[in-house]
Amino acid sequence: MRPAPAMGSWLRLHWPLALPGGVLALGLLWGMLAPLRGGSHELPLELGTAHAPHTLRLTLGVQDVLLLRNAGRVPLVCGPVQLAPGADMRLPVEAPGEQRMSCPALPGGSLLLRVVPMPDPGWDRLRWRLDSLSEAIRTLPVRRPE
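Rules used in this analysis
Residues numbered from 1 in each chain as written. Predicted model: local features only at pLDDT ≥ 70, side-chain atom pairs only at ≥ 80, totals over all residues. Heavy atoms only, no water. Helix = DSSP H or I, 4+ residues; strand = E, 2+ residues; numbered from the N terminus. Rg over C-alpha atoms; globule rule 2.2 N^0.38 Å. Buried < 20%, exposed > 50% of the residue type's maximum accessible area, 1.4 Å probe, protein only. Contact = heavy atoms within 4.5 Å. Areas by Shrake-Rupley, 256 points an atom, 1.4 Å probe, with all protein chains shown as cover. Lys, Arg positive; Asp, Glu negative; His and termini not counted. Charge placed at Lys NZ, Arg CZ, Asp CG, Glu CD.

> Whenever I open this one, the overall build of the protein chain confuses me. Can you help?
Counting its regular elements, the protein chain contains two helices and eight strands. When its helices and strands are written in sequence order, the protein chain yields α-β-β-β-β-β-β-β-β-α. Taken over C-alpha atoms, the radius of gyration comes to 22 Å for the protein chain, far larger than the 15 Å a tight globule of 146 residues would show. Judged by the C-alpha coordinates and their principal axes, the protein chain covers about 80 × 45 × 25 Å. Within the span of the protein chain, comprising 146 residues, buried residues form 26% of the whole. Intrachain contacts of the protein chain at a sequence separation of at least 6 include 50% that bridge at least 24 residues. Here the protein chain has roughly 10,500 Å² of accessible surface; of this, 63% comes from carbon and sulfur atoms. Across the protein chain, the centroid of the 15 positively charged side chains sits 9 Å from that of the 11 negatively charged ones.

This is the structure:
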């Protein structure tokens with residue numbers, strides 16, 4: 001029976017696999033424990049454009065102000081707000097939950113606001129970061145090649 005190899009010899013032998021694994025572990029640890037911060041608490045929504053979403057997620061303490069902006073040439077109504085062309089309105093949220101607002105300018109005629117509490121450090125925060133990344137990728141504007 002052979003003795004088990006020492007840790008140093010294992011790392012020397014398998015460093016090409018250990019290095020990416022260590023970088024991945026550090027990235028996951030950062031995603032779980034790093035504080036959430038950002039420059040602005042506003043989440044902009046441009047009405048009057050073809051690619052406006054019909055569902056938005058706001059997070060208390062991170063992005064807790066909905067910034068409605070009319071990008072069209074006619075007045076628009078969204079929920080309790082009437083926006084003149086080129087005008088904007090900030091709607092702060094204060095409690096978690098879901099709220100549906102009628103908004104004829106959007107596809108489907110309504111906007112669903114999901115307000116979630118700030119995630120706790122750990123798996124919840126990592127899940128929140130991954131959901132935010134997937135949402136950002138999913139809502140990238142489609143541009144034709146030049």
